[in-house]
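Residues per chain are reported as follows:
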Amino acid sequence: MTPVLLFLAQEDYCHKLDKLQWLIDNGSFLVLPISMEENLREQYHPPLVAWPCESECLRSFCYLMYTSGSSGKPKGVCGTEIGLLNRFLWMQDLYPVEEGDLVLFKTQISFIDHLPEFLGAILANCTLVTPPFNELKENILCVIDFLQGYFINKLVAVPSLIRAILPDLKSPRYAMVRNSLKLLILSGEVFHVSLCEMLMKLLPQTSILNLYGSTEVTGDCTYFDCKRLALVMQNQVLASIPIGLPLSNCDVVLVGEDAPIEGEIYVGGQCVAAGYYKYPYIMPLEQMELPLHCDVQCPGDGYRTQPFFKTGDFARKLPSGDLVFLGRKDRTIKVNGQRVALEEIEGAFRDHPDVVDAAVICHDVDGEILLLEAYLLLKQMIEETEELKYSLRSWMMSKLPQMMIPSSILFTRSLPLTSSGKVDYSSLAASTHSVIRIKNTVEEVPPGDLIDVIQKAFSDALMVEKIAVDDNFFDMGGNSMSAAYASFKLGIHMKLLYTFPTPLKLQMALLSSNNALRINSDSGLGLSELHGDMLLSNYRVSSYLGSKPRARLLWSDSDGDNDNPSKHLKATKEGSPSDDDFWNLNPPVHTSCSFSRCNKGSHGGNREGNCLSYLYWSNMLVKDRKGFLQELWKACIDSCVDASPLVVFLGNDVRLFIGSHSHKFVCLDAKSGNLCWETKLQGRVECSAEILDDFSQVVVGCYEGKIYFLDYLNGSICWKFQTSGEVKSQPLVDKCSHLVWCGSYDHNLYALDYKSYQCIYKFQCGGSIFGSPAIDEMQRKLFVAATSGHVTALTVQALPFKKLWKQDLGAPIFGSLSIISSNGNVICCLVDGTVVVLDTNGFIIWKARTGGPIFAGPCISKALPSQVLVSSRDGSIYSFEMETGNLLWNHNIGHPISSSPCADEDLQLITDVSTVSECLICVCDSSGCIHVLRIDLHALGYSNRNEKNVVHEFARLDLEGEIFSSPVMIGGRIFVGCRDDHVYCIKLDVETDHINSRSKSLPS
């Protein structure tokens, strides 16, 4: 028997059947058009159809509902009676409608939500108010008139529709709506906290529910009652309302690497449909059996063996058990290698006090995201937009990382909606009418001026005087940090700069595609107006692009095994290190300890700075005698070495660990430069490594988002953990809890248990994490900073870890944090050149300014008590008094500095055998020069001191490539990576005339 598709319509609609040919083909139906007008006149006797339940057998399905096809071709979902009945009984049990209630039946019958809306009212014996669907289709906003005119008690809608009628809902004219509406059910879209708070204030007597589901799960499978919002948000910072807990007889589980805390939503139970209809078969849904380790919410009998529907949506579980919707695959894109949920950007805009609604779309070329575009609906159209312009961009900068901020912000009088009331993103991308471009916000720069704007941005980012129109940004010395800097000034996504690296090519790209790609010249040239004097245009350092004389006599390392290049790197030496007593002390001074950037280190698992016992030179020279730097060895790692080295002493062994852009991570003998082992990772390495407290494994992250745990002895991979973004943050070892803390570009801070090899905690920081977090092990407090400018404190005494406070410092933070051991205060360096110290409660103790941006963390050292050292892109190193923030001294080395300084805590200059008078620090500038500065500790105590009395350049050495690696200096040895593809070991020495130089332990 051939099934028949019954098409009920008015006669003038029958001609539209040709548009449904896909539906006819899919089901192999015969089509029987019936005129409702004719049949209504003839239908005066009761139908002779038998009641379905009289058959007393369960049918495979009872209705066929097609999906919207937003993720592909529409699919016919075979829904079941048991699913509909379960949905009705759950609602009637918790949120019943009663006889006499009025329910607005506004959902089109092509959407699943119409079934519980229609059948729920019929089964509960309510009055169903059905407005003309043609009228709703032409103007969905007229729904407010039906709410008012019929005193509606229950409404089902999408959040964007409620947001659109919100101004009317607030007006006195529609006061009756606020009094009559008892139940408001929202579903189908992300429900933002800002909208919920407005509704709860406007409708205090109304129950507001947020439901989640799809056609495949009978419309809904989880719910959240907004009356619980205040309780849930006591310990959580949320941008969207949770989708909540499962309905009765529904099983919901999160599946993925981070499950059960975060993952893809899988649904089982009575709500799941029978399958997809494809005549004459019912095809199974996209299902899978539940993994044994998964944690199911509201399990029923036999839930392990039942199939679970794979939704394609992602969620995070809160401590309360409620789920928070994270995004959908088709609304999640990648920008600069990072996953971005467009809903998150829209939510940040909606939180702005002048914005009613927002929609964000992306433009792409050949599948690569090049431009994010935001459409904003304002509370009122404002003619003078200067204040609003700065407010919006500053607001977004404080909420999101730069790569998530749309390049174009457009203002519209209304957002296009689908027939169900959702935002119609496809129409938004295709249409240009009704959009008002505010010229002051998104300014079209004339072609002649645009090239000047781009050249100035390149010049400021690279710190060079002139840029030609065909100069390649990256050939001129650009890197990821300066690219982010230039993109930020131009108001474009960094992907554009990588794709079009010359001013001329970038100009052509920005002027192409019918002006679809635009440039915000105001936000670029007037950036200081957004963040104070974030980018100082009045400072200038010498160009470092000119050639510098470099001469070095190198010869091959005769000890290397050149016959096995896969096992040994080729090291080159100047001089022999064998005559140096520092590396051959017996017993060794450092028995088990590690040294890394910013004078951070550990000793047998205890973090106390770097010094176990000091070494020093007994130097009887005149103070102004110069030292010199000599290359001991260098090792090639096949690509740029931007990471900072980790040096580990274990017994008589001294090992150096470092990675490069070639994906290689190597372990070298720090004495000779010979290779101990190498491991190829899946992404390039730019962050420093860390070693576990038992010295068994080395931990390092890479650009592909993986965090590796490598065996100390042979480099084999013990475990790896996948994040959702690039990892540029140095891991932090918390030996008390056996945890490694590490941040990612995906905005999350992860706590990884290195005993059980699992992620036990993840914290959303609101921005990408570049620098390493810091931990106060005594107080069990952890501090983390993000590019959003936020610093967050967590208590990590025991699970569940909790947020203590969050401080917005107003500018991105790229460098690592440091803790002052004496009082627990936290030192933060901001990209706008500000240094901020926060106390343990998040209050600002002091602020200080440098003359340029800061991209690296501060250095605090026992060798320089009470001083905080900070290096800046203006070419200067600054010393601030630790307690007050007063400037003690600063010294300009003539070239930009992008890395942290390091004080030598194992070698100090003295004037006699008992008094330490001077300290040495190492600073590397971006041009490739290593500077050793001598700090006169006695001169700091003079009231009339000046910089020339305190700081002297003791030695310097030019390398053949740029340096973005922070050096590590130990006992006169400097270890540093370079962009000439090598890692270096440099020895500090002095002229031998009349010198008595020896090495021994300092008296205690």
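This text follows the structure it describes.
Analysis parameters
- Residues numbered from 1 in each chain as written.
- Predicted model: local features only at pLDDT ≥ 70, side-chain atom pairs only at ≥ 80, totals over all residues.
- Heavy atoms only, no water.
- Helix = DSSP H or I, 4+ residues; strand = E, 2+ residues; numbered from the N terminus.
- Buried < 20%, exposed > 50% of the residue type's maximum accessible area, 1.4 Å probe, protein only.
- Salt bridge = Lys/Arg side-chain N within 4 Å of Asp/Glu carboxyl O.
- Pairing = 2+ DSSP bridges.
- Core = buried A, V, L, I, M, F, W, Y, C linked by side-chain atoms within 4.5 Å.
- Contact = heavy atoms within 4.5 Å.
- Phe/Tyr/Trp six-rings, centres within 6.5 Å; stacked < 30°, edge-to-face > 60°.
- Lys NZ or Arg CZ within 6 Å of the ring centre and 35° of its normal.
- Patch = residues over 30% accessible without salt bridge, like charges linked within 9 Å, V, L, I, M, F, W, Y side chains within 5 Å.
- Areas by Shrake-Rupley, 256 points an atom, 1.4 Å probe, with all protein chains shown as cover.
- Lys, Arg positive; Asp, Glu negative; His and termini not counted.
- Charge placed at Lys NZ, Arg CZ, Asp CG, Glu CD.
- Axes fitted to C-alpha atoms, helices over the stretch in contact; angles between N-to-C directions.

1. Section: the overall build of the protein chain
From N to C terminus, the protein chain includes 19 helices and 61 strands. When the 1004 residues of the protein chain are sorted by exposure, 58% land in the buried category.

2. Quick word on the pattern of salt bridges
Inspection of the entire model under this criterion finds 17 salt bridges. Here D989 and K987 are joined by a salt bridge, their closest N and O atoms 3.7 Å apart. Assessed through its relative accessible area of 10%, K987 is described here as buried. If you follow the salt bridges from partner to partner, you end up with R163, E346, R350 and D357 in one network.

3. Describing the sheet that holds strand β35 (residues 690–691)
Taken in spatial order, the 4 strands line up as β35-β36-β37-β38 in an open sheet, and their pairing is antiparallel. The outermost strands of the open sheet, each flanked by one partner alone, are β35 and β38 (717–722). The pairing of β35 with strand β36 (residues 697–701) spans 2 bridges and is classified as antiparallel. Within the sheet, the bridge partner assigned to E690 lies in β36 and is V699.

4. Considerations on the nonpolar core
In this structure, L184, F191 and L199 are the most contacted members of the largest nonpolar core, which totals 39 residues. Counting only elements with at least two residues in this core, the list comes to α6 (143–149), β7 (154–157), α7 (159–170), β8 (183–186), α9 (193–202) and α10 (229–232).

5. Examining the environment of V983
With respect to the helices and strands, V983 occurs in strand β60 (residues 982–990). The spatial distance from the C-alpha of V983 to the C-alpha of C636 is 6.6 Å, given a sequence separation of 347 residues. Setting aside residues no more than four positions away along its own chain, V983 makes contact with W633, K634, A635, I637, L656, I658, L668, V976 and G977.

6. Quick notes on helix α4 (residues 114–123)
Along α4, the residues that are buried comprise H114, L115, P116, E117, G120 and A121. If you follow the buried residues of α4, they end up packed against β3 (63–66), α3 (81–94), β5 (102–104), β6 (127–129) and β7.

7. Re the packing of aromatic side chains
Tallied over the entire structure, the rule returns 27 aromatic pairs. Aromatic pair F105 and F118: ring centres 5.4 Å apart, planes at 45°, arrangement tilted. Linking F105 in the loop between β5 and α4 with F118 in helix α4, this pair joins segments that are 13 residues apart in sequence. Taken together, the ring pairs in this structure connect F709, W719, F721, Y750 and Y757 into an aromatic cluster. The positively charged end of R684 is found above the aromatic ring belonging to Y703, 3.9 Å away from the centroid.

8. Structural notes on the pairing of strand β12 (residues 250–255)
Among the 6 residues in β12, 6 count as buried, and that is most of the element. Of the two faces of β12, the one carrying C250, V252 and L254 and the one carrying D251, V253 and V255 are both buried. Across 6 bridges, β12 lies against strand β13 (residues 262–269) in antiparallel orientation. Of the residues in β13, the one forming a bridge with D251 is G268.

9. Describing a negative patch on the surface
The grouping of E135, E138, D145 and D168 at the surface amounts to a negative patch. With respect to the helices and strands, E138 occurs in helix α5 (residues 133–138). Residue classification places E138 among the exposed residues on the basis of a relative accessible area of 72%.

10. Some thoughts on the sheet that holds strand β52 (residues 876–881)
Backbone-to-backbone hydrogen bonds pair the strands of a sheet. The strands run either parallel or antiparallel. Taking strand neighbours across the sheet as the criterion, the 3 strands line up as β51-β52-β53 in an open arrangement whose pairing is antiparallel. If you trace the sheet from one side to the other, it starts and ends with β51 (867–871) and β53 (887–892), each paired once. Across the sheet, the axes of successive neighbouring strands diverge by a mean angle of 15°, strand direction being ignored. As paired elements, β52 and β53 share 5 bridges and run antiparallel to each other. Opposite F880, over in β53, you have L887 as the bridge partner.

11. A few points about unusual backbone geometry
Note the cis peptide between L799 and P800, where omega equals 0°. Mapping P800 onto the fold places it in the loop between β45 (790–795) and β46 (802–808). With a phi angle near 80°, H747 is a residue other than glycine that sits in the positive phi range. Structurally, H747 can be placed in the loop between β40 (739–743) and β41 (748–753).

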